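The chain contents come next:
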Amino acid sequence: MEINVIGLGYIGLPTALMLASSGHKIVGTDFNKKLVASLQNGRIPFEEIGIEELYSEAIKKEIIFTSEYIKSSMYIITVPTPYIKASKKIDPSYIISAVKSVMEICDKGAVVAIESTVSPGTIDAFVRPIIQDKGFVLGEDIHLVHAPERILPGNMIYELRHNSRTIGADSVEVGEKVKAIYESFCESEIVITDIRTAEMTKVVENTFRDINIAFANELTKICRSDDLDVYEIIRIANKHPRVNILNPGPGVGGHCISVDPWFLVGDYPGLTNLILTARHTNDSMPEFVLERVNTIMKEKGMTDLSRVGIYGLTYKQDVDDVRESPSLQLLEKMKEHLSSGLKVYDPMIDTIIIDNQYTNFEEFLSEVDLVIVMVSHTHILNNEEKLAGKIILDTQKVLKNSIVNYL
Ligand code: SAJ
């Protein structure tokens, strides 16, 4: 089938490559001309296990990269859906603009599948009217689908093949037709439901994890206040067959778990107390890390903040994505307190994106006495011995042999 994938970011690019490798004729569209040029030249803009191989497979088949929208039988929209900071509601502008552009070129009979995560009701409120205003009859001329992705950054290619998926459609026939396309690479169950249920389910999944992590983080604060070992408590509690508490940490970043719950808060004010509190709890963790640093510095008689280093800038281990990362949140908090000077190093980031950042690990280490391990990159696990002699705050309990402080 001929498919135009719109938005070649973290989700759109692997999806386009996967569809092309599975024999579909793919046009990958992105308004970022620089990105399109690098994809045409075989340069992938981010690291992901297996993506180079998938790219090589895809270009042997039929795939082109362009900034144009191209007439196709199906359009898959994978553009960003940020939230508006003040209202906590979704900012649907990228989706609106993509759907409008599709409507300019598409023929009757086309399927428009929104893969981007959206808050419940977004498709009814913003997408359907665009299609109807163009004179198309929904369900006859244009078939709308919501097919939210579930893949984990760092393991995307594997998860595209092996995760179960949801397809929300206005009719079972259309759901089945789209399911057959995703089945060309997805080996797991594909559930067909209606569009509003698919929208809600996706946001609920990430909100569930946010709340669970917030619980672990709240336990960390409780245990710190009462001199208990939170890790031991979680380890033992999780032996209960129906308990599964996630890991505490320095905060929650990334463009999914730290964003999606806000959609619910924005849309259902007054009904989302637990969700809102969880968000606040996770957002408070970078500040909690700073409190711990303050205590540890006092204990060790340290006064010079410029001798403190942050290890890890990305939002989680072994990815090069810094969006909403706890380290960036922590540095922002420092600015609010009119404080600065922390040194920063991340092995996954080789360009300078922030003040006092180092690109050489040894040089970074030589400049600091206290290292805050914010991210558990494989790099630090393999280089743990180089931390010898440093005061360490291990925010994720990942180091094996060092004497460290925990949250
Ligand atoms: N984190 C914790 N404790 C944990 C797990 C994670 O503090 O126990 C933190 C991480 O350090 C990170 C953040 O949460 O800062 C999110 O990391 P993640 O690995 O849990 O999730 P994401 O945001 O990379 O991707 C999620 C995925 N969700 C999971 O359920 C693991 C993925 O399945 C979704 O498709 C994706 O969001 C998305 O696109 O919505």
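Report follows, based on the coordinates. (Residues numbered from 1 in each chain as written. Predicted model: local features only at pLDDT ≥ 70, side-chain atom pairs only at ≥ 80, totals over all residues. Heavy atoms only, no water.)

### A look at the sheet that holds strand 12 (residues 370-373)
And step 1. Taken in spatial order, the five strands line up as 11-10-9-12-13 in an open sheet, and their pairing is parallel. Two strands close off the open sheet at either side, each with one partner strand: strand 11 (357-358) and strand 13 (391-394).
And step 2. Sheet topology places strand 9 (residues 308-311) next to strand 12; four bridges connect them, and they run parallel. Residue pairing across strands places Ile310 opposite Ile372, the latter belonging to strand 12.
And step 3. Here helix 12 (residues 285-300) sits on the sheet in contact with strand 9, strand 12 and strand 13, set at roughly 155° to strand 13. (Pairing = 2+ DSSP bridges. Helix = DSSP H or I, 4+ residues; strand = E, 2+ residues; numbered from the N terminus. Contact = heavy atoms within 4.5 Å. Axes fitted to C-alpha atoms, helices over the stretch in contact; angles between N-to-C directions.)

### What to know about the nonpolar core
And step 1. Leu17, Phe65, Met74, Val145 and Tyr182 are the most contacted members of the largest nonpolar core, which totals 41 residues.
And step 2. In terms of residue count, the dominant contributor to this core is helix 1 (residues 12-21) (six residues).
And step 3. Leaving out residues up to four positions away in the same chain, Tyr182 has contacts with Met74, Ile76, Glu115, Ala147, Arg165, Ile167 and Ile190.
And step 4. Core analysis: the second largest hydrophobic core is formed by 32 residues, Ile77, Ile123, Leu144 and Leu264 among them. (Core = buried A, V, L, I, M, F, W, Y, C linked by side-chain atoms within 4.5 Å. Buried < 20%, exposed > 50% of the residue type's maximum accessible area, 1.4 Å probe, protein only.)

### Quick look at the site of the ligand
And step 1. Taken together, 18 residues form the shell around the ligand, and within it Arg150, Lys202, Asn206, Arg209 and Tyr315 come nearest.
And step 2. With respect to the ligand, the side chain of Lys202 contributes an N or O atom lying 2.6 Å from an oxygen atom.
And step 3. Here Arg209 contributes a side-chain N or O atom positioned 2.8 Å from an oxygen atom of the ligand.
And step 4. Compared with its free state, where it exposes 740 Å², the ligand has 86% of that area covered by protein.
And step 5. Residue composition of the shell around the ligand, by class: nine nonpolar, four polar and five charged. (Near = heavy atom within 4 Å. Polar contact = N/O pair within 3.5 Å; in protein donor to acceptor, adjacent residues only side chain to side chain. Areas by Shrake-Rupley, 256 points an atom, 1.4 Å probe, with all protein chains shown as cover. Nonpolar A, V, L, I, M, F, W, Y, C, P; charged D, E, K, R; others polar.)

### Points about unusual backbone geometry
And step 1. You will see that Asp318, though not glycine, has its phi angle at about 60°, which is positive.
And step 2. Positive phi values are uncommon outside glycine, yet Asn356 reaches one of about 55°.
And step 3. Note that Asn356 resides in the loop between strand 10 (343-345) and strand 11.

These values are about where atoms sit, not about what they do.
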